[in-house]
Amino acid sequence: MWIPVATATVAQSLKDGGEHGRESGGPGVQFSRCYSKLCSLTPSDMESFKTELNLLFDQLISENYYSDYAGSYTIRAEDVCSLLVQASRLVKYNQEHLVIKFCQLTHHLLNRLQVIVDEPSFDRLVSYSTRALAACSPWTHAEILQALAALVYGNGPKCQKYLPDLLGRGGVLVRYSSPSQPDLELRRTAVHCLANLCLGLPGQPYLEESYRSVCFQTFLQILQAPRPPNVDDIVFCMLLQDALKGMQYYLNGAKGKLTAGEHLGTLLAVLKKYMFFGLWGINLEMPTILYPTPLPQYEGVPAAKEDSPRDVPNKKRKSRGRSKKAEPEAGHGEDDEEAQEAEVRQSPRKAGGGETHSHWSLGPTYAGRPSSVAQREAPPSLYPSWKRSSSDSEFSDPEGGMQSKLRLYQARVRQGALHCFLAAVKCVEKRVLYGYWSSFVPDAPSIGSPPALTLLTIALKDPSPKVRAGSLQVLSALLEGSRKFLSAAEDTGAPRQAFTPFSVTLAGSLRELHRGLVLALVAESSSQTLTQVIKCLAHLVCNVPYGRLRPGLLKTLWQQIGPYVSHRDVNVRVSSLTLLGAVVSAQAPLSEVRLLLQQPPGSGSASGALSGPSTPQEAQPQGGRSGPEKEAPSSCGRLPEGNSQSQCWLLQLCVSLVVQPREDPCSDSDAGAAAPGALEPSPVRLEALQVLAHLVRGYFSLVQAHLLELGEVSAQCLRETDPSIQLHGAKLLEELGSGIIQQYRGDSATEQAYRVPVRQVVQFWLEVLSGPLTGALQNELHPTLQTSACDILSSILPQAFTQLPSQLLCITVLLGLSYSENSPVKAAAVRALGVYVLFPCLREDVMFVADTANSILTSLEDRSPNVRAKAAWSLGNLTDTLIVNMASVGRDFQEEFSDMLLLKMLRSATSACLGDKDRVKSNAVRALGNLLHFLQPAHLSRSGFEGPMDEAVRALIDAVRSDATMKVRWNACYALGNAFRNPALPLGTAPWTADAYSALSQAVTCCRNFKVRIKSAAALSVPAERDRYGGAAQFGKLWRALARALECSNEAEDFLEYRYCAGLRTQLCRTLLHLMSLCQPDDLPAVAAPLAEESRPALHAYFAHYHLDEGNQGQPENDGVRESCQPQEKLGRLEEIVKAVMFLFFD
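Residues numbered from 1 in each chain as written. Predicted model: local features only at pLDDT ≥ 70, side-chain atom pairs only at ≥ 80, totals over all residues. Heavy atoms only, no water.

For the chain, the name recorded in an unreviewed UniProt entry is HEAT repeat-containing protein 6, with Scleropages formosus as its organism.

Structure follows, in structure tokens:
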């Protein structure tokens, strides 16, 4: 008997690997036996052969592959492929009953075992299927297409040579999926095959655009078509489900390709239609196309459907829900679908009756909704559970009947529409989607009209928790990154009677979103959906401009979220903390949030709710929302003792969640029962640490009294072995240090009496540095922790660093880590050194400055752009220190500082300025300006400095003229002005003088960025002597350029630049007056010419405004010019200048 070599190998592997399975008689053993028999058969037309092959197929199909075979016997994907290939060799096309049985076997094995066919087997099996479609009778095509759909799942790009026959003009799938196909089941199978063809896997190409377009049009045509007459409802639902899944796959592969236009409007219209498909009491009449407009689209008034045998629910039975013991356990595939079907059967949220026109009400029907069946998502897998078919026998329960099955399939259609919408949100630009905002997000309710049907309607009214969760996921995706769009909302002003501005309309929409989501939060009983509600609220809070809205929105949310921090489900607890973190970080500091944080426990805030029931439902009376179907109360919540007004309850709560053992272990959804004395689950502790970090960053004054306590919390986190806990503890330490530094900044609004005393800061850092931070700095196995530890060292207050005995330890560790082979660690260490070099106690230490300079120069040559960017920033700080030491220390420091090191710094900065990325250049030019300012006559007299000095100036000139980012050009202009302050620089006589002034003149007149213009004008006002401006011709060019810039100072290409117009005119007037004060007789013709031309009135008006302005309006900062803004002094200065000019004129 002949057996192929590959087949024999697979059979032997099955025999060798199945000893344990053979003992148990599991499905793997049956698979092995059947495969061995298949290998022993040869193709034949004899009836005995057909009978034996048919029995083998039946045995393989009848096996329960969902049993516990996986623990004892593994059926490999390559074994399944080999079996199917062998079976295809045995079945001839004229044996149509065996062809059908083989196709059923292919679909069954690939779906149940979740196998994606390998390429060699794929070619053989797809070729067999396509030839079978051509050779077999039409009555077999549905089964063949079902097998083909399973084969092409995840293998679309491998079908290139078959696509013309499948999707080309007159292709099989095109014909069978057309509306003219009378057999709806055959049409559904063809659409299912199209959907699987559109699926793309990561790292693999998608279908060609022409074939993708065919699929898109087919899916859209099916979704737009009305329900055919005399068609089974469930089959129609399955057709819609396949079309929506195919559209989802298409959109997943169309990232950024779906733009505003007819296709997008048409797609959104059909998606909105099917988002409400099958909901009782909602008959949504949608236009064919949704157009982007700020006005709400036309929607027919929702009306209750007429009662029909298939739509009327069983009103004789009232669902009482099930006790927790009666809840079926969630399973995989059909078992999970059975759980969903049971849930839909038990808890239909009827929208009929009095709720037909009130989609926002929370009446008894909605309030009495039973808790959802514990639904556990299928394990992560490429092969989705929706592909696993369910037999009609699953719905044989006579009580549920076909109505329960129909409601389940309608829920799947709604869920598919929402998943498709989510894919559309991800592949379309947000600014395009905002035009359809009013179609999916509610506006403020208007009196006398029914509320619009939006995503919130689904979140509140849909009976399926998965559909509700899907609507919340879509709403979260719409809200994510919408801060710029929502910033237009405002309702703090007086209401207008004539019209409603868009800002007020948008503000009303945001208020309605808050109201609806809070209602969903209170009403939801499914833990999975509840998590999505809270996440959606967090996205909303992160993007809403609360400073432009009337207060009160956050207070309501704050009061409702408290009980969920102690919810029995760990995911709900984590998302609740995420929401609290979003509140305290939203445009902090907000006065409303500050008041909420200061409220003592029990005063109506969320803190008071923590000591009460676990969820709001439990606070309801017996006849209200609570009932036997609600979740059992949780006892794992806690509230810290103490009700002092000075205490921040949220801080105490988060600290207890991080470091204190749980008082009463409760069952978590992910970890089961916790052991007594165990800490909170890691996700809860991590989120609590993030909330603490947000709290410290935004409201440091409220938590500064607990500085030492928070330092101990961070130290305890650093002592743990969990890297995530260690990192979040380190981040909290960094935020504490940054908060202290912010209080001591020169522009801080915190009064001296309310700052953390320096002695307390010193005590805080003494405890930190004597704790586990030193070990974290030396932990080479955890470089991310080393990076965070370096950031912590850089956040020490300079005034406290002076009093620390461990200064040498910090410096030594940072210098050592600055030579680390790990790029993030190296970058963090170099940045910390750049901070330290500005400390008063270190900047005068020549040895430290030199060691830091050598470390920075080494990092400037690193391959990592991030390391070079941090090194350039530190080099800029180091050169700032050189300039400060020129004034504070004098020549002693300059003479002690190494000339060779100075030359090396000059060359390295020049090289970075000429050939590196813009993020490196922006600080390299700053360093060059400082170095050119620092050079002394003794340096410039040496031949070794002359060339590098010229190259450095040329590099700055090129940076001013370049097309680099505005930050580079702004810093380059500032750097040139800084260099001009050095009297030893040969400005006026050097060959590069004309180029430097030409570059600055061009920037002051032509640059579209007004901050660059301001800095170039400031640089032109730096030289204090006339001969440093060059000859009369050069002086005249500068004067005319400045006069033209002043005349055109109102002409801005970008509207955002108008805010700098006043500052630009102020600086131009000061620069012109400075030049006028230095002019010589040869310069007078050039000075007088602009004043006599047509621009004279505008120049006179600007000069008059400058001299009469009493304020400091628009005066540029840090430009190196110190001048009084009092009009009397300005006029006195002008009088002196005019006298000097008149003296020259009449001399």
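Q: Even after reading the chapter, I still don't get the overall build of the chain, so can you show me in this structure?
A: Within the chain, the regular secondary structure consists of 55 helices and zero strands. When each of the 1147 residues of the chain is scored for burial, the buried share is 56%. In the chain, of all internal contacts separated by at least 6 residues, the share reaching a separation of at least 24 is 75%. (Helix = DSSP H or I, 4+ residues; strand = E, 2+ residues; numbered from the N terminus. Buried < 20%, exposed > 50% of the residue type's maximum accessible area, 1.4 Å probe, protein only. Contact = heavy atoms within 4.5 Å.)

Q: Honestly, the environment of Leu914 in this entry has me stumped. Any pointers?
A: Within the secondary structure, Leu914 is located in helix H44 (residues 899–915). Once the C-alpha coordinates of Leu914 and Val925 are considered, the two residues, eleven residues apart in sequence, prove to be 9.5 Å apart. Ignoring any residue separated from it by four or fewer positions in sequence, one finds Leu914 in contact with Lys921, Ala955 and Asp958.

Q: What am I meant to see in the side chain of Ser509 here?
A: The residue Ser509 is located in helix H23 (residues 502–523) in this model. Those residues in contact with Ser509 that lie beyond four places of it in its chain are Trp437, Val441, Pro442, Asp443 and Ala444.

Q: Just to check I follow, could you spell out the pattern of salt bridges for this structure?
A: Where side chains of opposite charge bring their charged atoms close, a pairing between them can arise. Counted under the stated rule, the structure contains 28 salt bridges. Between Asp916 and Arg868 there is a salt bridge, with the nearest N and O atoms lying 2.8 Å from each other. Here Asp916 is found in the loop between H44 and helix H45 (918–934), whereas its partner Arg868 is found in helix H42 (residues 865–888), with 48 residues between them in sequence. Each member of the pair, Asp916 together with Arg868, is buried. For the salt bridge of Asp880 with Arg926, the shortest nitrogen-to-oxygen distance reads 2.6 Å. With Asp880 in helix H42 and Arg926 in helix H45, this pair connects stretches of sequence that are 46 residues apart. Overlapping salt bridges, with partners in common, bring together Arg697, Lys731, Glu734 and Glu735 in one network. (Salt bridge = Lys/Arg side-chain N within 4 Å of Asp/Glu carboxyl O.)

Q: In this structure, what is going on with helix H12 (residues 209–224)? I would like to understand it.
A: Note: α-helices contain 3.6 residues per turn, so residues at a spacing of three or four share the same orientation. For H12, which comprises 16 residues, the first-to-last C-alpha distance of 22 Å matches the rise-based estimate of 22 Å (1.5 Å per residue) to within 8%. Of the residues making up H12, those classed as buried are Tyr211, Arg212, Cys215, Phe216, Thr218, Phe219, Leu220, Ile222 and Leu223. (Expected span 1.5 Å × (residues − 1).)

Q: Mind showing me how you'd approach unusual backbone geometry here?
A: Glycine aside, a negative phi is what most residues show, and trans is what most peptide bonds show. The omega torsion of the bond from Ala588 to Pro589 falls at 0 degrees, within 30 degrees of zero and hence cis. Of note, the phi angle at Gln114 is positive, near 55 degrees, even though the residue is not glycine. Following the sequence through the fold, Gln114 ends up in the loop between helix H6 (96–112) and helix H7 (119–135). When its relative accessible area of 28% is taken as the criterion, Gln114 is described as partly exposed.

Q: Looking at this model, I keep getting lost on the packing of aromatic side chains. Mind explaining?
A: The relation between two aromatic rings is expressed through the spacing of the ring centres and the mutual angle of the planes. Scanning all chains against the criterion turns up 21 aromatic pairs. With a centroid separation of 5.1 Å and an interplanar angle of 70 degrees, the aromatic rings of Phe764 and Trp765 are classed as edge-to-face. With respect to burial, Phe764 and Trp765 carry one shared label: buried. Ring geometry for Trp970 against Tyr974: centres 6.3 Å apart, planes inclined by 5 degrees, an arrangement best described as stacked. In this pair, Trp970 and Tyr974 both sit in helix H48 (residues 966–980), four residues apart, roughly one turn of the helix. Take Trp970: its relative accessible area is 25%, and that puts it in the partly exposed class. Judged by its relative accessible area of 34%, Tyr974 falls in the partly exposed class. (Phe/Tyr/Trp six-rings, centres within 6.5 Å; stacked < 30°, edge-to-face > 60°.)

Q: Hey, could you run me through H23 in this one?
A: For H23, with 22 residues, the first-to-last C-alpha span of 31 Å sits near the 32 Å given by 1.5 Å per residue. For H23, a buried count of 16 out of 22 residues is recorded, marking the element as mostly surrounded by other parts of the structure.

Q: Where do I start with the packing of helix H25 (residues 553–561) against helix H27 (residues 591–598) in this structure?
A: Packed helices, taken two at a time, are described by the angle their axes make and the gap between the axes. Contact geometry of H25 with H27 gives a least axis separation of 9 Å together with a crossing angle of 30 degrees. The orientation of H25 relative to H27 falls into the category roughly parallel. Both H25 and H27 take part in a crossing whose hand is right-handed. For the pair H25 and H27, contact is made by Leu553, Leu554, Lys555 and Trp558 and by Glu592, Val593, Leu596 and Leu597, respectively. Looking at the contact of H25 with H27 residue by residue, the classes come out as six nonpolar, no polar and two charged. (Axes fitted to C-alpha atoms, helices over the stretch in contact; angles between N-to-C directions. Parallel < 35°, antiparallel > 145°, perpendicular 65-115°, else oblique. Left-handed = near helix turned anticlockwise from the far one by under 90°. Nonpolar A, V, L, I, M, F, W, Y, C, P; charged D, E, K, R; others polar.)

Q: Teacher, can you tell me more about the packing of helix H51 (residues 1032–1047) against helix H52 (residues 1061–1078) here?
A: Remark: H51 packs on H52, axes separated minimally by 10 Å, with the N-to-C direction vectors making an angle of 155 degrees. Viewed along their axes, H51 and H52 adopt a mutual orientation that is roughly antiparallel. When the axes of H51 and H52 are compared, the crossing they make is left-handed. Residues Phe1035, Trp1039, Leu1042, Ala1043, Ala1045 and Leu1046 of H51 pack against Arg1065, Leu1068, Cys1069, Thr1071, Leu1072, Leu1075 and Met1076 of H52. Each residue belonging to the contact of H51 with H52 can be placed in one class, and the counts come to eleven nonpolar, one polar and one charged.

Q: Hey, could you run me through the state of the cysteines in this one?
A: As used here, a disulfide is simply a covalent bond connecting the sulfur atoms of two cysteines. One pass over the structure, following the stated rule, counts zero disulfides. Not part of a disulfide, Cys420 finds its nearest cysteine sulfur in Cys427, a span of 8.8 Å. Since its relative accessible area comes to 0%, Cys420 is described here as buried. Considering cysteine sulfurs only, Cys1006 is the nearest to Cys1048, which forms no disulfide, with 9.5 Å between them. (Disulfide = S-S within 2.5 Å.)

Q: It is not clear to me how the environment of Thr993 should be interpreted in this structure. Could you clarify?
A: Relative to the helices and strands, Thr993 resides in helix H49 (residues 993–1006). Thr993 sits in the buried class, given a relative accessible area of 4%. Leave out the neighbours within four places in its chain, and Thr993 touches Pro986, Leu987 and Gly988. Here Ala990 takes part through its backbone oxygen, which lies 3.0 Å from a polar atom of the side chain of Thr993. (Polar contact = N/O pair within 3.5 Å; in protein donor to acceptor, adjacent residues only side chain to side chain.)

Q: Hey, could you run me through the side chain of Gln704 in this one?
A: Within the secondary structure layout, Gln704 lies in the loop between helix H31 (700–703) and helix H32 (707–719). At 3.0 Å, the side chain of Gln704 forms a polar contact with the backbone oxygen of Tyr754. Apart from the residues within four sequence positions on either side, Gln704 is in contact with Gln743, Tyr754, Arg755, Val756 and Gln760.

Q: Please clarify how the nonpolar core should be interpreted in this entry.
A: Soluble globular proteins: nonpolar side chains tend toward being buried together. Met247, Phe421, Leu597, Leu650, Tyr836 and Met905 are the most contacted members of the largest nonpolar core, which totals 340 residues. At 13 residues, the largest contribution of residues to this core is made by helix H17 (residues 401–427). (Core = buried A, V, L, I, M, F, W, Y, C linked by side-chain atoms within 4.5 Å.)

Q: I keep staring at the environment of Ala715 and nothing clicks. Help me out?
A: Tracing the sequence through the fold places Ala715 in helix H32. The exposure class assigned to Ala715 is buried, which follows from its relative accessible area of 11%. In sequence terms Ala715 and Gly729 are 14 residues apart; their C-alpha atoms lie 7.2 Å from each other.

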